[in-house]
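# Coordinates in review
Listed here are the chains, written in short residue letters.
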Amino acid sequence: MSPTSADKRTAAELAAALGAGETSSVEITRAHLDRIAVVDGEVHAFLEVDAEGALRDAAASDERRAAGATYGPLDGVPVAVKDVLATRGLPTTCGSRILEGWVPPYDATVVARLRAGGLPILGKTNMDEFAMGSSTEHSAYGPTHNPWDLDRIPGGSGGGSAAAVAAYEAPFAIGTDTGGSIRQPGAVTGTVGVKPTYGGVSRYGLVSLANSLDQAGPVTRSVLDAALLHEVIGGHDPLDSTSIAQPLPALVDAVRRGADGDLTGVRIGVVKELGGEGYQAGVLARFEESVELMTKAGAEVVEVSCPHFVHALATYYLILPAEASSNLARFDAMRYGLRVTPDDSEKGVPPSAEDVMRATREAGFGDEVKRRIILGTYALSSGYYDAYYGQAQKVRTLVTRDFEAAFEQADVLVSPTAPTTAFTIGEKVDDPLAMYLNDLATIPANLSGVPGISGPSGLADEDGLPAGVQILAPAMADDRVYRVGAALESLLVQEWGGRLLDQAPPLVEEGVQRSSRNQGAPS
Ligand code: GLN
């Protein structure tokens, strides 16, 4: 395969080719590393590429296969990992200067399970600093570019994982979703993303943003790939006290059940509060078409109301900063990464531990992180605790009750994933409130811990950019989002005569040489 022509096969197709002896893991892994070398100078999806480690693991996978002793269905299929998950021996920065140079001595459980499944790890993907953001512009290492239009954002915080998958730099990837960071990047890059039920995938080794909201999950180009990857990383983990001690539902089976596109008898609830004002016309049009397709396929569509969802964003932006301010206290210049020792000439005495902490946190954290630490410590301070944090927790309960009532009327709930298509780099980066609004539709699921999938719904008429549809189900009914997600995917693929990414522009189609922003392939 020439370096500029992408390997567009899904992970399931690659696994089948490996199983049939048509290719090797080394060949597949090298093809993706070549693709990274050609396009990532433009896309900047990766913070770290581990060519040596990936090829070594690929060779080991090929040996296992030759010996008839593969580890599992995805053995040999390479994967990219968001840089918020600890990887032994491989730098983990969370997109922050404060973790520059930190090499974890252990693997996150998700990473350990990827390795135990035989998946070579291509590298670590870019993200908003500590997963705070919706555009990947808050990365201390520079933004990631959307492969559909390099001047636009790939969503966030997991824009690196989504862009890597959309640009065929990786067959699939791992992301994390605290308020939408798997689903919203999925929507704006035309890829598939799943936020599993809270507690369904271990958080051990996932650097906490807000531990009551964070959940790792798959970022892929097909619903089947997401289910395959979810089954590798999911399930109970005694190392995570919030991990659910129950077996995962059968996800790949659910995809196979949905693949014929038949939705007879499935009750689909359109959430009244997640649409209308604030949503781009083209995004709404594609969403309505998806609902129509599902109706034609036999689904019973009802409108449901979740009145407290209008407060979800405000609630999230109290709970998240509160938890984040506490979590980020561990970056104290003593234990990890960066240490800045201030000049002692100012005070005339050697700097104290506090001076070092202050200087390190001042230099190591970006503006958005500082903003949220200030917000969070304020919301938690005595005198304001009840008025802000305590009140937010009460509204969180009301959001959960809305979900419970809605799931009595419908098996799954649907809405557009993000209110708009990808916006231009620079457009919202200095306007925190405008940035926060991108997660309007994704946040309720995190507040209540329910699972959700986002898949492409088509291209918006105004700008020709991908829009997404999200499907939510009750906690531990992840199989339901896969079944309905697979059905909708197959209906849409029939409608389009192929996958949405097939309609993507030159960078993705033929290599970066055709990109208007080409500055030459990186060496
Ligand atoms: N964009 C949201 C935020 O800034 C969600 C982030 C996430 O899911 N990690 O907090």
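Above this text you will find the structure in question.
## Brief notes about the nonpolar core
Core analysis: the biggest nonpolar cluster contains 109 residues, and Leu114, Phe130, Leu263 and Tyr482 have the highest contact counts within it. Looking at this core, the element that brings in the most residues is helix H16 (residues 478-496), giving eight residues. Apart from the residues lying within four places of it in its own chain, the contact partners of Leu114 are Val79, Val81, Leu119, Ile121, Ile174, Leu229, Val232 and Ile233. Formed by 21 residues, the second largest nonpolar core is a distinct cluster that contains Ile36, Ala80, Ala167 and Ala173.

## Regarding the pairing of strand E6 (residues 216-220)
Of all five residues that make up E6, five are buried, and the element is covered over most of its length. Pairing between strand E4 (residues 173-176) and E6: four bridges, direction antiparallel. Bridge pairing in E6 links Thr176 to Ala216. Where strand E5 (residues 192-195) and E6 come together, two bridges link them in antiparallel fashion. Paired with Gly193 across the bridge in E6 is Val219.

## Comments concerning the side chain of Ser96
Here Ser96 lies in the loop between strand E2 (79-82) and helix H4 (109-116). Overall, Ser96 belongs to the buried group, its relative accessible area being 0%. Here Ile98 takes part through its backbone nitrogen, which lies 3.1 Å from a polar atom of the side chain of Ser96. Setting aside residues no more than four positions away along its own chain, Ser96 makes contact with Glu129, Phe130, Ala140, Tyr141, Gly364 and Phe365.

## Some remarks on the sheet that holds strand E7 (residues 267-271)
If you trace the 11 strands from one edge of the open sheet to the other, you get E1-E3-E2-E4-E6-E5-E10-E11-E9-E7-E8, paired in mixed fashion. Two strands bound the open sheet, and with one partner strand each, they are strand E1 (46-49) and strand E8 (300-304). Neighbouring strand axes in the sheet, compared pairwise and without regard to direction, differ in orientation by 30 degrees on average. In the packing of helix H7 (residues 223-233) onto the sheet, contacts are made with E4, E5, E6 and strand E10 (452-459), and the angle to E6 comes to roughly 150 degrees.

Thresholds, definitions, all that
- Residues numbered from 1 in each chain as written.
- Predicted model: local features only at pLDDT ≥ 70, side-chain atom pairs only at ≥ 80, totals over all residues.
- Heavy atoms only, no water.
- Core = buried A, V, L, I, M, F, W, Y, C linked by side-chain atoms within 4.5 Å.
- Buried < 20%, exposed > 50% of the residue type's maximum accessible area, 1.4 Å probe, protein only.
- Helix = DSSP H or I, 4+ residues; strand = E, 2+ residues; numbered from the N terminus.
- Contact = heavy atoms within 4.5 Å.
- Pairing = 2+ DSSP bridges.
- Polar contact = N/O pair within 3.5 Å; in protein donor to acceptor, adjacent residues only side chain to side chain.
- Axes fitted to C-alpha atoms, helices over the stretch in contact; angles between N-to-C directions.

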